[in-house]
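Working through the structure, step by step
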Amino acid sequence: MKSNPEIVVIIKQIGGIQMKKKLVGFAVGAVIILGGAYYAYDYYAGNHVTIKEAIPVTATSNAASTKTVDVGVLNKEWSIQPDSKVYFSITTSKEKVNFEGGAVKGNWTLNVTDPAKMNAEAFVSIDNLQSGNSQRDGHVKGEDFLNAQAFPEAKFKLKSIDQFPKKWKEGEKISFNMTGTLTVKDKSKDVTFKTDAVYNQGVINLGGSTVITFDDYGMKNPHAVVLETENNIIITLSLLLGQKTT
């Protein structure tokens, strides 16, 4: 029996259309899978925390027309307020990842007349650290790294202040170096924060940063199959201080 040429052509056309549909479906499926894989990679490896700047953008480091703050106003006990943050930032082969410590407490005995008499200490909850990824947070706070269960807080104790100005002006940014002992887990190391501060309407905004390493505190920098992590850790302060009430 001879086949009808027209029927053969129609069958081939139908087969071609079905093949194209399969190829399109395969391409769409591949895009969906790859897109989902990238989303998962970005979630687990990416940064989800933005650092809150301590010093208002309106502050200036050269505000000659501003009002000088009375020494008696500054030389008091100051305490860290609830809106304060401490950030730990690590740099991976993808980007910088920030961990936010939102449970910060501490006090600062301020003495602009004689900085050598100043005392300060601060504590940040390790268990409260978060990077916007609970699985990663649990890993970092686990026994292999910060071990939050055994060492629930990191502590900073002031030892000295360098280049501290004796005169403050309202709304003017001042800069100084703040050296002290930072204790993480069961290890302590002296660090220096490059610090800025602004007094404005009864409140001191204080920001600063320093660099430590995983090695300093007996930890190995974390690695994954698709990511490498640098040894350095940047600590950033974003503190709000108010006069301590009895």
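Residues numbered from 1 in each chain as written. Predicted model: local features only at pLDDT ≥ 70, side-chain atom pairs only at ≥ 80, totals over all residues. Heavy atoms only, no water.

1. A few points about the overall build of the protein
When helices and strands are tallied, the protein shows three helices and 10 strands. Going residue by residue from the N terminus, the α and β elements of the protein occur as α-α-β-β-β-β-β-α-β-β-β-β-β. A total of 246 residues make up the protein; the buried ones form 38% of that total. A sequence separation of at least 24 residues applies to 66% of the contacts in the protein between residues at least 6 apart. Of the accessible surface of the protein, which amounts to about 14600 Å², a share of 55% is contributed by carbon and sulfur atoms. (Helix = DSSP H or I, 4+ residues; strand = E, 2+ residues; numbered from the N terminus. Buried < 20%, exposed > 50% of the residue type's maximum accessible area, 1.4 Å probe, protein only. Contact = heavy atoms within 4.5 Å. Areas by Shrake-Rupley, 256 points an atom, 1.4 Å probe, with all protein chains shown as cover.)

2. Some words on the pairing of strand 10 (residues 229-243)
In the case of a regular strand, side chains alternate between the two sheet surfaces. Sheet topology note: the strand 1 (residues 77-80)/strand 10 ladder contains three bridges and is antiparallel. Looking at the pairing, tryptophan 78 lines up with glutamine 243 of strand 10. Where strand 2 (residues 85-92) lies against strand 10, seven bridges are found, and the strand directions are antiparallel. Its bridge partner lying in strand 10, valine 86 is registered against leucine 237. As paired strands, strand 9 (residues 203-213) and strand 10 are joined by 11 bridges and run antiparallel to one another. Across the sheet, threonine 213 pairs through a bridge with asparagine 232, a residue of strand 10. (Pairing = 2+ DSSP bridges.)

3. A look at the nonpolar core
Core analysis: the biggest nonpolar cluster contains 49 residues, and Trp108, Leu110, Phe164, Trp168, Phe176 and Met178 have the highest contact counts within it. Look past the residues within four positions of phenylalanine 164 in its chain and what remains in contact with it is Trp108, Leu110, Val112, Pro115, Met118 and Phe176. (Core = buried A, V, L, I, M, F, W, Y, C linked by side-chain atoms within 4.5 Å.)

4. What about the side chain of threonine 195?
Looking at where threonine 195 falls in the secondary structure, it is placed in strand 8 (residues 187-200). Setting aside anything within four residues of it in sequence, one finds threonine 195 in contact with Ile174, Ser175, Phe176, Met178, Leu206, Gly207 and Gly208.

5. Observations regarding the environment of proline 165
Summarising the element assignment, proline 165 is placed in the loop between strand 6 (153-162) and strand 7 (173-184). For proline 165, a relative accessible area of 22% corresponds to the partly exposed category. Once the C-alpha coordinates of proline 165 and threonine 113 are considered, the two residues, 52 residues apart in sequence, prove to be 9.1 Å apart. In this view, proline 165 contacts Val112, Ile174 and Ser175; residues no more than four positions away in its chain are not counted.

6. Some points on unusual backbone geometry
Positive phi outside glycine occurs at asparagine 147, with the angle close to 50°. Overall, asparagine 147 belongs to the buried group, its relative accessible area being 17%.

7. Description of the environment of aspartate 127
When you line up the elements, aspartate 127 lands in the loop between strand 5 (119-125) and helix 3 (134-140). Aspartate 127 sits 26 residues away from glycine 101 along the chain, and the two C-alpha atoms are 8.7 Å apart. Once residues within four sequence positions are removed from consideration, aspartate 127 is found in contact with Lys141, Ala148 and Pro152.

8. Examining the confidence of the model for the protein
A residue-level look at the protein finds 76% of positions with pLDDT of 70 or above and a mean pLDDT of 83. Low pLDDT, under 50, characterises residues 27-43; the predicted model gives this stretch 11 contacts beyond four residues in sequence or across chains. (pLDDT = per-residue confidence, 0-100.)

9. As for the packing of aromatic side chains
All told, the structure shown has six aromatic pairs when counted by the stated rule. Seen in terms of ring centroids, tryptophan 108 and phenylalanine 164 are 6.5 Å apart; in terms of plane orientation they differ by 80°. Their pairing is edge-to-face. Of this pair, tryptophan 108 sits in strand 4 (residues 104-109) while phenylalanine 164 sits in the loop between strand 6 and strand 7, and the two are 56 residues apart along the sequence. Comparing tryptophan 108 with phenylalanine 164, the two get one shared label, buried. (Phe/Tyr/Trp six-rings, centres within 6.5 Å; stacked < 30°, edge-to-face > 60°.)

10. Concerning the pairing of strand 4
Of the two faces of strand 4, the one lined by Val104, Gly106 and Trp108 is fully buried and the one lined by Lys105, Asn107 and Thr109 carries no buried residue. Where strand 4 meets strand 5, six bridges bridge the pair, whose relative direction is antiparallel. Residue pairing across strands places glycine 106 opposite alanine 122, the latter belonging to strand 5.

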